[in-house]
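Below, each chain spelled out in residue letters.
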Amino acid sequence: MVIPLLCSIFIISILIFYGSKRTSPHRYFSSSKTCLKSYNASILHQTLYHFSVAHNNAPPTLNYWKSGLKDGLIFMWKNKPKERQYVHDGIHLKGIPMRFSDLVLTSHILEHIANPFKALVEWIRIIRPRDVLVLLLVLSFKERTCDHQRVVVQLEHLINDYRNRTSECDLSNLNEILSSHDLARNVAAGTKEHFKTRSENDFQNRGLHQHVYDQELLYYMLVCVNLDAKGQFT
């Protein structure tokens with residue numbers, strides 16, 4: 001994907017702790033009742049976001065990609081066979097059982113997803129119900145990317161996308177993207193016409209930044225799905 005690689009020059013990584021025995025102040029939210037089912041803005045915002053939650057001294061992060069992966073084969077690491085490899089869309093981890101893993105690491109994925117809460121719920125599904133979960137998200141952030149002229153999406157919009165089962169084929173944000181995307185920061189995307197043509201076929205290349213995030217939005221998204229953000233880093 002040429003576009004996300006060139007645009008993703010500012011990242012945020014988040015450590016999330018999750019568990020059935022946590023001592024969270026968000027008692028309204030349980031694993032069976034999140035704001036996706038019963039959204040109440042006043043209750044959600046009882047836990048106030050403060051800019052001090054986010055830190056500029058980002059810890060080292062790992063961007064790892066191995067080409068040639070195929071679903072169902074054995075994953076090889078340093079010439080040694082490991083677990084079966086699963087190659088799926090991030091919103092539907094078909095074949096991966098519930099409570100399968102201790103760790104979820106996602107790198108530059110969430111901003112390319114039309115229905116991000118669907119992805120978050122799916123990632124949580126495969127995590128074992130332990131007291132601590134580390135969930136590392138790495139994604140583009142608007143100020144220093146080709147999205148700097150765009151508006152941060154509203155939490156309610158993302159919740160409605162989830163409730164309405166918005167498909168990854170959805171292009172309802174396309175006009176806003178085309179009008180505000182800064183091609184000067186994304187030379188490889190070509191002309192407006194070329195970018196438009198490519199964007200209209202986004203389901204095949206998944207290059208669009210479907211939504212724009214900031215730290216506060218991401219914080220409340222995590223609270224909404226019953227996760228506690230212990231640290232956010234830019």
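Along each chain, residues carry numbers from 1 onward, in the same order as the chain's sequence is written. Predicted model: local features are reported for residues with pLDDT of at least 70 only, side-chain atom pairs are reported and counted for 80 or more only, and whole-chain, interface and lining totals are derived from all residues. Hydrogens are left out, water is left out, and the side-chain values use all remaining heavy atoms of the structure.

Chemist: Hey, could you run me through the packing of aromatic side chains in this one?
Modeler: How two aromatic rings sit relative to each other is given by the distance of their centres and the angle of their planes. Two aromatic rings from Phe, Tyr or Trp, using only the six-membered ring of Trp, form a pair when their centres are within 6.5 Å; if the ring planes differ by under 30 degrees the pair is stacked, by over 60 it is edge-to-face, and anything between is tilted. Applying the stated criterion to the full structure yields two aromatic pairs. On the numbers, 5.9 Å between centres and 80 degrees between planes, the contact of Tyr 86 with Phe 100 is edge-to-face. In this pair, Tyr 86 sits in the loop between strand S4 (80-84) and strand S5 (103-107) while Phe 100 sits in the loop between S4 and S5, placing the two residues 14 residues apart along the sequence. Here the aromatic rings of Tyr 219 and Tyr 220 are separated by 5.2 Å at their centres, their planes lie at 80 degrees, and the arrangement is edge-to-face. Each helix corresponds to a stretch of at least 4 residues labelled H or I by DSSP, and each strand to a stretch of at least 2 residues labelled E; elements are numbered beginning at the N terminus.

Chemist: I would appreciate a short explanation of helix H4 (residues 155-163) in the present structure.
Modeler: Given 3.6 residues per helical turn, the α-helix brings residues three or four places apart onto the same face. Within the sequence span of H4, burial applies to Leu 155, Leu 158, Ile 159 and Asp 161. Axial view of H4: buried residues confined to an arc of 155 degrees, hence all on one face. In what follows, residue pairs with any heavy atoms lying within 4.5 Å of each other are defined as contacts. Buried residues along H4 sit in contact with helix H2 (41-44), helix H3 (116-125) and helix H8 (215-224). Just beyond H4, the residue with positive phi is Arg 165, at close to 55 degrees. Each residue is assigned to one of three classes by its accessible area relative to the maximum for its type, calculated with a 1.4 Å probe on protein chains only: buried under 20%, partly exposed between the two thresholds, exposed over 50%. Taken from the helix axis, the directions to the C-beta atoms give the arc we talk about.

Chemist: Explanation requested: the packing of H4 against H8 in the structure shown.
Modeler: For any two helices packed against each other, one specifies the inter-axial angle together with the distance between the axes. Taken N-terminus to C-terminus, the directions of H4 and H8 make an angle of 40 degrees; their axes are 10 Å apart at the nearest point. The orientation of H4 with respect to H8, classified from their angle, is oblique. The interaxial crossing formed by H4 with H8 has right-handed handedness. Counted together, Leu 155, Leu 158 and Ile 159 of H4 and Leu 217, Tyr 220, Met 221 and Cys 224 of H8 form the full contact between these two elements. Under the grouping applied here, Gly and all other residues not named as nonpolar or charged are polar, the nonpolar ones being Ala, Val, Leu, Ile, Met, Phe, Trp, Tyr, Cys and Pro and the charged ones Asp, Glu, Lys and Arg. Here the residues of the contact of H4 with H8 are counted per class, giving seven nonpolar, no polar and no charged. Note on definitions: angles span 0 to 180 degrees between N-to-C directions of axes, and those axes are lines fitted to C-alpha atoms, for helices only across the stretch in contact. Any angle from 65 to 115 degrees is called roughly perpendicular, while one under 35 is roughly parallel, one over 145 is roughly antiparallel, and all others are oblique. By the definition used in this description, the sense in which the near helix is turned from the far one sets the handedness, with an anticlockwise turn below a right angle giving left-handed and a clockwise turn giving right-handed.

Chemist: Would you mind showing me how to read unusual backbone geometry here?
Modeler: Backbone phi values are negative for most residues with the exception of glycine, while trans is the configuration of most peptide bonds. Of note in this structure, Asn 79 is not a glycine but carries a positive phi near 65 degrees. With respect to the helices and strands, Asn 79 occurs in the loop between strand S3 (74-77) and S4. Take Asn 79: its relative accessible area is 74%, and that puts it in the exposed class. The phi dihedral of Arg 165 is positive, around 55 degrees, even though this residue is not glycine.

Chemist: Explain the state of the cysteines here, please?
Modeler: Every disulfide links exactly two cysteines, by a covalent bond between their sulfur atoms. The rule for a disulfide is simple: a pair of cysteine sulfur atoms within 2.5 Å. All told, the structure shown has one disulfide when counted by the stated rule. For Cys 35, the disulfide goes to Cys 224, at an S-S distance of 1.6 Å. Taking the torsion about the S-S bond as the criterion, the Cys 35 to Cys 224 disulfide, at about -105 degrees, is left-handed. With Cys 35 in the loop between strand S1 (11-17) and H2 and Cys 224 in helix H8, this pair connects stretches of sequence that are 189 residues apart.

Chemist: Before we go on, may I ask you to explain the side chain of Glu 122 in this structure?
Modeler: In this fold, Glu 122 is placed in helix H3. In this structure Glu 122 touches Gly 90, Ile 91, His 92 and Leu 93, once residues within four positions along its chain are discounted.

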